[in-house]
Amino acid sequence: MGDDKGEDATRPSPQRGRRRGQGELEALVMRVLQGAGEPVTAARVQQELGGDLAYTTVVTILTRLHGKHSVTRHRAGRSFRWAPTADEAGLAAQRMRRVLDGHSDRDAVLASFVSGLSADDERLVRELLHDAPSEAEARAEPGDAPVPLDREREP
């Protein structure tokens, strides 16, 4: 009836039979790309995922990630080689910016976000904002006069 382990060979394994959400599949594909250390083909991504996903599914996921600016692609013969645009933290920050950009009341979204932070996270955000260069400082060219402190952070 089954194999030596008593499992029914015709029944899909729990991993294979379970339907995964788009976000979960995207995360799996991103992990493969980040772990590769170099641009890879969709076939390589499929192989690294254990071959459970159809090649066309992997290409669809990569194309969606490309549309979200999470991956880059470069022609390699008749296919593409894919690479992540940022590490996990950078990609999470991109997602946060997309959510923020998708709302008309940015002040309300940011206020709600900040009010839900733990004390440690709030302290960290304050430190990061304090240490980050202002927009004027970021635009300054080497040799430019220093930005006055009272105009350093414009509203």
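Residues numbered from 1 in each chain as written. Predicted model: local features only at pLDDT ≥ 70, side-chain atom pairs only at ≥ 80, totals over all residues. Heavy atoms only, no water.

Participant: Tell me about the pairing of strand S2 (residues 71-76), and name the residues and values.
Facilitator: Put simply, side chains in a regular strand alternate between the two faces of the sheet. Judged from the 6 bridges that link them, S2 and strand S3 (residues 79-84) form a sheet pairing that is antiparallel. Note that in S3 the partner of Ala76 across the bridge is Ser79. Linking two consecutive strands that pair antiparallel, namely S2 and S3, is a turn of 2 residues; a positive phi of about 70° is found at Gly77 within it. (Pairing = 2+ DSSP bridges. Helix = DSSP H or I, 4+ residues; strand = E, 2+ residues; numbered from the N terminus.)

Participant: Break down unusual backbone geometry for me, citing the residues and quoting the values.
Facilitator: Located in the positive-phi region is His69, a residue other than glycine, with phi close to 65°. The topology assignment puts His69 in the loop between helix H4 (55-67) and S2.

Participant: Give me the packing of aromatic side chains: which residues, what numbers.
Facilitator: Taken as a whole and judged by the stated rule, the model has 1 aromatic pair. If you follow Arg75 out to its NZ or CZ, it ends over the ring of Phe80, 4.4 Å from the centre. (Phe/Tyr/Trp six-rings, centres within 6.5 Å; stacked < 30°, edge-to-face > 60°. Lys NZ or Arg CZ within 6 Å of the ring centre and 35° of its normal.)

Participant: Requested: an account of the packing of helix H5 (residues 88-101) against helix H6 (residues 106-115), with residues and values cited.
Facilitator: Two numbers describe how H5 lies on H6: the axes approach to 9 Å, and their chain directions differ by 135°. By the criterion of interaxial angle, the relationship of H5 to H6 is oblique. Along its contact with H5, which presents Met96, Leu100 and Asp101, the element H6 presents Arg106, Val109, Leu110 and Phe113. Each residue belonging to the contact of H5 with H6 can be placed in one class, and the counts come to 5 nonpolar, no polar and 2 charged. (Axes fitted to C-alpha atoms, helices over the stretch in contact; angles between N-to-C directions. Parallel < 35°, antiparallel > 145°, perpendicular 65-115°, else oblique. Contact = heavy atoms within 4.5 Å. Nonpolar A, V, L, I, M, F, W, Y, C, P; charged D, E, K, R; others polar.)

Participant: Could you give an account of the side chain of Ser70, with specific residues and numbers?
Facilitator: Mapped onto the elements, Ser70 comes out in the loop between H4 and S2. The residues touching Ser70, leaving out its near neighbours within four places in the chain, are Met30, Leu65, Ala83, Pro84, Thr85, Leu91, Gln94 and Arg98.

Participant: Requested: an account of the nonpolar core, with residues and values cited.
Facilitator: Ranked by size, the top nonpolar core spans 16 residues in total, and within it Val29, Leu33, Val45 and Leu62 carry the most contacts. For this core, the elements supplying multiple residues, two or more each, are helix H2 (22-36), helix H3 (42-48) and H4. Take this core: its biggest share by element is 5 residues, from H2. For Leu33, the residues in contact, after removing those within four places along its chain, are Val40, Val45, Leu62, Val71, Trp82 and Pro84. (Core = buried A, V, L, I, M, F, W, Y, C linked by side-chain atoms within 4.5 Å. Buried < 20%, exposed > 50% of the residue type's maximum accessible area, 1.4 Å probe, protein only.)

Participant: Go over the sheet that holds S3 with me, naming the residues and quoting the values.
Facilitator: If you trace the 3 strands from one edge of the open sheet to the other, you get S1-S3-S2, paired in antiparallel fashion. Strands with a single pairing partner mark the edges of an open sheet, and in this sheet they are strand S1 (40-41) and S2. Note: S1 against S3, 2 bridges, orientation antiparallel. Bridge pairing in S3 links Thr41 to Arg81. Contacting S2 and S3, H4 crosses the sheet at an angle of about 120° to S2.

Participant: Account for the pattern of salt bridges, with residues named and values stated.
Facilitator: Going through the model one piece at a time under the given rule, you end up with 6 salt bridges. A salt bridge links Glu38 to Arg44; the shortest N-O distance between them is 4.0 Å. With its nearest N and O atoms 2.7 Å apart, the salt bridge here joins Asp101 to Arg106. Overall, the relative accessible area of 54% leaves Asp101 in the exposed class. Each of the salt bridges in this network shares a partner with another, and the network as a whole consists of Glu38, Arg44 and Glu48. (Salt bridge = Lys/Arg side-chain N within 4 Å of Asp/Glu carboxyl O.)

Participant: Got a sec to walk through a nonpolar patch on the surface? Specific residues and values, please.
Facilitator: Taken together, the side chains of Met96, Phe113 and Val114 make up a nonpolar region of the molecular surface, amounting to roughly 270 Å² of accessible area. You can see Phe113 is positioned in helix H6. (Patch = residues over 30% accessible without salt bridge, like charges linked within 9 Å, V, L, I, M, F, W, Y side chains within 5 Å. Areas by Shrake-Rupley, 256 points an atom, 1.4 Å probe, with all protein chains shown as cover.)

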